[in-house]
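One letter stands for each residue in the lines below.
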Amino acid sequence: GLTSNKVRTYLGQLTKITRDLQRLGLHLRMVPLKGVFQKMSRLVRDLSRKSHKQVKLEIRGQSTEMDRRLVEKIGDPLVHMVRNSMDHGLETPEERVAAGNTAEGRIQLSAYHEGGNIVIEIQDDGRGLPRDRILAKAIDKGLVQGDGSHLSDGEVWDLIFHPGFSTAAKVTELSGRGVGMDVVKRNIESMRGRIRVQSEWG
């Protein structure tokens with residue numbers, strides 16, 4: 001109901017300044033994933049020495065930006081996943097060569113934008129998830145009825161996120177303590193994220 005052009009002009013300027021401040025505030029909260037990804041590089045180097053495995057880490061999209069709070073939260077789940085790739089995924093050089101692969105294993109860590117979301121992927125060229133061993137463990141723990149043949153691969157992969165679930169033959173310094181994947185899932189979901197697992201044997 002204002003009739004003063006001067007007041008309307010001032011209100012228009014105030015709206016523009018407020019919008020600019022909001023945009024600036026959002027931008028200040030955004031930080032690149034570079035710092036977290038570099039920590040993974042050090043982790044792979046250390047674990048490679050301890051496990052006597054030859055591993056090359058490839059990093060892509062480390063300039064991808066996320067909210068500062070989410071970047072701080074994503075570190076622990078990534079550590080768990082990289083440890084699993086090193087311990088469960090990648091075989092020893094001798095096992096890899098015997099299977100017809102190169103002695104050096106590869107882990108790829110990448111981040112990119114997809115439809116308004118940020119996707120972080122961890123891939124390794126190791127043996128893949130052992131469907132039979134996962135099912136056997138799940139049946140032993142009472143998580144699956146029958147022989148599990150009715151379950152899709154996706155449903156079997158979801159079993160590894162149950163608390164205390166591990167297929168490791170023995171506990172090692174790297175993993176196999178039966179803690180980790182349920183915590184990973186909980187942490188990701190607390191950030192309104194979700195986990196997708198894909199695996200191919202061999």
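Structure: above.
Residues numbered from 1 in each chain as written. Predicted model: local features only at pLDDT ≥ 70, side-chain atom pairs only at ≥ 80, totals over all residues. Heavy atoms only, no water.

## Considering the overall build of the protein chain
Piece 1. Helix and strand counts for the protein chain stand at seven helices and five strands.
Piece 2. Each helix and strand of the protein chain, placed in order from N terminus to C terminus, yields the pattern α-β-α-β-β-α-α-β-β-α-α-α.
Piece 3. Against the 2.2 N^0.38 benchmark of 17 Å for 202 residues, the protein chain shows a C-alpha radius of gyration of 23 Å, more extended than a compact globule.
Piece 4. Each principal axis of the C-alpha distribution contributes one length, and for the protein chain these read about 80 × 40 × 25 Å.
Piece 5. Considering the protein chain as a whole, with its 202 residues, one finds that 31% of them fall into the buried category.
Piece 6. Contacts in the protein chain between residues at least 24 apart in sequence constitute 67% of all its contacts with a sequence separation of at least 6.
Piece 7. Entry remark: accessible area of the protein chain is about 13100 Å², with carbon and sulfur atoms responsible for 50%.
Piece 8. Treating the 33 positive side-chain charges of the protein chain as one cloud and the 26 negative ones as another, the clouds have centres 10 Å apart. (Helix = DSSP H or I, 4+ residues; strand = E, 2+ residues; numbered from the N terminus. Rg over C-alpha atoms; globule rule 2.2 N^0.38 Å. Buried < 20%, exposed > 50% of the residue type's maximum accessible area, 1.4 Å probe, protein only. Contact = heavy atoms within 4.5 Å. Areas by Shrake-Rupley, 256 points an atom, 1.4 Å probe, with all protein chains shown as cover. Lys, Arg positive; Asp, Glu negative; His and termini not counted. Charge placed at Lys NZ, Arg CZ, Asp CG, Glu CD.)

## Notes on the sheet that holds strand E2 (residues 55-60)
Piece 1. Reading across from one edge, E2-E4-E5 is the order of the three strands in this open sheet, with mixed pairing throughout. This sheet does not close on itself; its edge strands, each paired only once, are E2 and strand E5 (117-124). Averaged over all neighbouring strand pairs, the angle between strand axes comes to 10°, with direction disregarded.
Piece 2. Across the sheet, helix H2 (residues 34-51) is in contact with E2, strand E4 (105-114) and E5; its angle to E2 comes to roughly 175°. (Pairing = 2+ DSSP bridges. Axes fitted to C-alpha atoms, helices over the stretch in contact; angles between N-to-C directions.)

## So, the pairing of E5
Piece 1. The pairing of E4 with E5 spans eight bridges and is antiparallel. Across the sheet, residue Gln-108 finds its bridge partner in E5, namely Gln-123.

## What about the side chain of Glu-91?
Piece 1. For Glu-91, the position within the fold is in the loop between helix H3 (68-89) and helix H4 (93-98).
Piece 2. Side chain to side chain, Glu-91 and Arg-96 meet in a polar contact 3.2 Å long.
Piece 3. Engagement of the side chain of Glu-91 in a polar contact is seen with the backbone nitrogen of Arg-127, the distance being 3.4 Å.
Piece 4. When sequence neighbours within four positions are dropped, the list of residues in contact with Glu-91 reads Lys-53, Arg-96, Gly-126 and Arg-127. (Polar contact = N/O pair within 3.5 Å; in protein donor to acceptor, adjacent residues only side chain to side chain.)

## Focus on unusual backbone geometry
Piece 1. At His-52, a residue that is not glycine, the phi angle is positive and equals roughly 60°.
Piece 2. Looking at where His-52 falls in the secondary structure, it is placed in the loop between H2 and E2.
Piece 3. For His-52, a relative accessible area of 66% puts it in the exposed group.
Piece 4. Unlike most non-glycine residues, Arg-192 shows phi in positive territory, near 60°.
Piece 5. The topology assignment puts Arg-192 in the segment after helix H7 (181-190).
Piece 6. Residue classification places Arg-192 among the exposed residues on the basis of a relative accessible area of 80%.

## A look at the pattern of salt bridges
Piece 1. Counted by the stated rule, this structure contains 11 salt bridges.
Piece 2. With its nearest N and O atoms 3.6 Å apart, the salt bridge here joins Glu-95 to Arg-127. Of the two residues, Glu-95 sits in helix H4 while Arg-127 sits in the loop between E5 and helix H5 (131-140), which places them 32 residues apart along the sequence.
Piece 3. Residue classification places Arg-127 among the partly exposed residues on the basis of a relative accessible area of 23%.
Piece 4. When the shortest N-O distance is used, the salt bridge between Asp-153 and Arg-131 registers 2.7 Å. (Salt bridge = Lys/Arg side-chain N within 4 Å of Asp/Glu carboxyl O.)

## Some words on the packing of H2 against H3
Piece 1. Where H2 contacts H3, the axes come no closer than 10 Å and their chain directions differ by 25°. Classified by the angle between their axes, H2 and H3 sit roughly parallel to one another. H3 is crossed by H2, and the crossing has right-handed handedness. Between H2 and H3, the residues in contact are Val-36, Phe-37, Met-40, Leu-43, Val-44, Leu-47, Ser-48 and Ser-51 and Val-71, Ile-74, Gly-75, Leu-78, Val-79, Val-82, Arg-83 and Met-86, respectively.
Piece 2. Tallied by class, residues from the contact of H2 with H3 come to 12 nonpolar, three polar and one charged. (Parallel < 35°, antiparallel > 145°, perpendicular 65-115°, else oblique. Left-handed = near helix turned anticlockwise from the far one by under 90°. Nonpolar A, V, L, I, M, F, W, Y, C, P; charged D, E, K, R; others polar.)

Geometric descriptors of this kind do not, in isolation, establish any biological role.
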